[in-house]
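Chain by chain, the residues run as shown.
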Amino acid sequence: MFNEKILIDNGVNLEKSLELFGDMNTYNETLSDFLRDVEGKLSDIRKYKESGDMSNYCILVHSLKSDARYFGFEKLADIAYHHEMESKSNNMYYVSLHYDELKEEAKRIIEIVKMYLGVSVSEDSSSEQRKVPIKKNNTILVVDDSNIIANFITKIFNGTYRVIVAKDGAEAIDTLANYPETIAGMLLDLNMPNVNGYEVLQFMRTNDLFKSVDVAIITGSDSKSVLDHISDYPVMAILEKPFNETNVKKVVELLAMNDE
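All of these numbers come straight from a predicted model, not from anything done at the bench.

**Student:** Looking at this structure, how should I read the packing of helix α4 (residues 54-71) against helix α6 (residues 92-117)?
**Tutor:** Each pair of packed helices gets described by two things: the angle between the helix axes and the distance between those axes. Taken N-terminus to C-terminus, the directions of α4 and α6 make an angle of 35 degrees; their axes are 13 Å apart at the nearest point. Note on packing geometry: the crossing formed by α4 with α6 is left-handed. In contact with M54, Y57, V61 and L64 of α4, α6 contributes M92, V95, Y99 and L102. Taken together, the residues of the contact of α4 with α6 sort by class into eight nonpolar, no polar and no charged.

What follows is the structure, given as structure tokens:
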């Protein structure tokens, strides 16, 4: 049995987090996903800081901020937010000066989560899930570099839709190129390292895929700003972070209805 007092005594805002996850079982399952992925994400953040790549640094600290907010890690979310804003302005001085603060708070959270879960975390099984045979129009393609988001959506539609996860735009383009007729709809994050969501939208336009695949955008940015940037594309809906199960279901139902 998990001891929730460990989280609460260490400043975790469980009440706020459960507005997203709904119950502690879902929270605990998804927290395991966070623990599985966070050290790799922190390693990439360090790599981009050391290389001075503020563009990809900004994307990953934004992702870390979102994950932290979902789980109620408010101090980490706040620190990551400031890094996001400063790296967006290419302020490498701020990033270098305050990087240890980000790293130490992330380390603190990791230790708290490990103490709370009290178990080792197995390797991500999403790649195995992708090998399941794909049937016509029963598939939702989720394109997001956060496994927290992807796994949360996968759990929501377990038994209803098969969810394929693409961790960046390159994987999304590969899936769209090979299986466009199987996909009922796509939930697409715009801000990802390497190949981003805007490039996926352009690929779809070039290959006339909007006729067969309906798209909703996942974004943590202001929806008006996003609309200004994607106004030339026939996007069906915008799903703003942080979202909950009800928000996701409404958007996917919209995509599925339009696909009929």
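There's plenty left to go through after this.
**Student:** So what exactly am I meant to see when it comes to the packing of helix α2 (residues 14-21) against helix α3 (residues 24-51) here?
**Tutor:** Where α2 meets α3, the closest approach of the two axes is 9 Å, and the angle between their N-to-C directions is 90 degrees. As summarised for this structure, α2 and α3 are arranged roughly perpendicular, according to the angle between their axes. When α2 is examined against α3, the residues L14, S17, L18 and F21 are found in contact with a partner set consisting of M24, T26, Y27 and T30. Broken down by class, the residue content of the contact of α2 with α3 amounts to five nonpolar, three polar and no charged.

**Student:** Explain the packing of aromatic side chains to me, please; I cannot follow it from the model alone.
**Tutor:** Two aromatic rings are characterised by how far apart their centres lie and by the angle between their planes. Under the definition given, this model contains ten aromatic pairs. Ring centres of Y27 and F71 lie 5.6 Å apart, and the angle between their planes is 80 degrees; on these two criteria the pair is classed as edge-to-face. One end of the pair, Y27, is in helix α3; the other, F71, is in helix α4, with 44 residues separating them in the sequence. Look at F34 and F73: their rings are 5.5 Å apart centre to centre, the planes differ by 55 degrees, and that puts the pair in the tilted class. Taken together, the residues span a long stretch of sequence, with F34 in helix α3 and F73 in the loop between α4 and α5 (74-88) at a distance of 39 residues. Here the two residues F34 and F73 agree in accessibility, since each one is buried. Put simply, the rings of F21, Y27, F34, F71, F73 and F152 touch in pairs and so form one group of aromatic residues. The ring of Y48 has K47 sitting right over it, with the charged end atom 5.0 Å from the ring centre. Geometry around Y99 places K49 over its ring, the cationic atom sitting 4.7 Å from the centre.

Thresholds applied
- Numbers given for residues are sequential positions, taken from 1 along each chain in its written order.
- A pLDDT threshold of at least 70 governs which residues receive local features in this predicted model, and a stricter bar of 80 or more applies before side-chain atom pairs are shown or counted, although totals over entire chains, interfaces and linings include all residues.
- Calculation of side-chain values draws on the structure's entire complement of heavy atoms; hydrogens and water are dropped beforehand.
- Interaxial angles span 0 to 180 degrees and are taken between N-to-C directions of axes, which are lines fitted to C-alpha atoms, for helices over the stretch in contact.
- Secondary structure counts use DSSP, requiring at least four H or I residues in a row for a helix and at least two E residues in a row for a strand, with both numbered from the N terminus.
- When the near helix sits turned anticlockwise from the far one by under a right angle, the crossing is termed left-handed; a clockwise turn instead gives a right-handed crossing.
- Only heavy atoms matter for contacts: two residues are in contact if any of them lie within 4.5 Å across the pair.
- Here the nonpolar group is Ala, Val, Leu, Ile, Met, Phe, Trp, Tyr, Cys and Pro; Asp, Glu, Lys and Arg are the charged ones; every other residue, Gly included, is treated as polar.
- Orientation labels follow simple angle bins: below 35 degrees gives roughly parallel, above 145 gives roughly antiparallel, 65 to 115 gives roughly perpendicular, and whatever is left gives oblique.
- Pairing of aromatic rings covers Phe, Tyr and Trp, the last counted by its six-membered ring, and requires centre-to-centre distances within 6.5 Å; plane angles under 30 degrees mean stacked, over 60 mean edge-to-face, and any other angle means tilted.
- Here the term buried applies to any residue with accessible area under 20% of the maximum for its type, exposed to any over 50%, and partly exposed to those in between, with areas from a 1.4 Å probe on protein chains only.
- Only Lys NZ and Arg CZ are tested; either one counts as a charge over a ring when it is within 6 Å of the ring centre and within 35 degrees of the ring normal.

Functional significance is not addressed by these values, which are geometric in nature.
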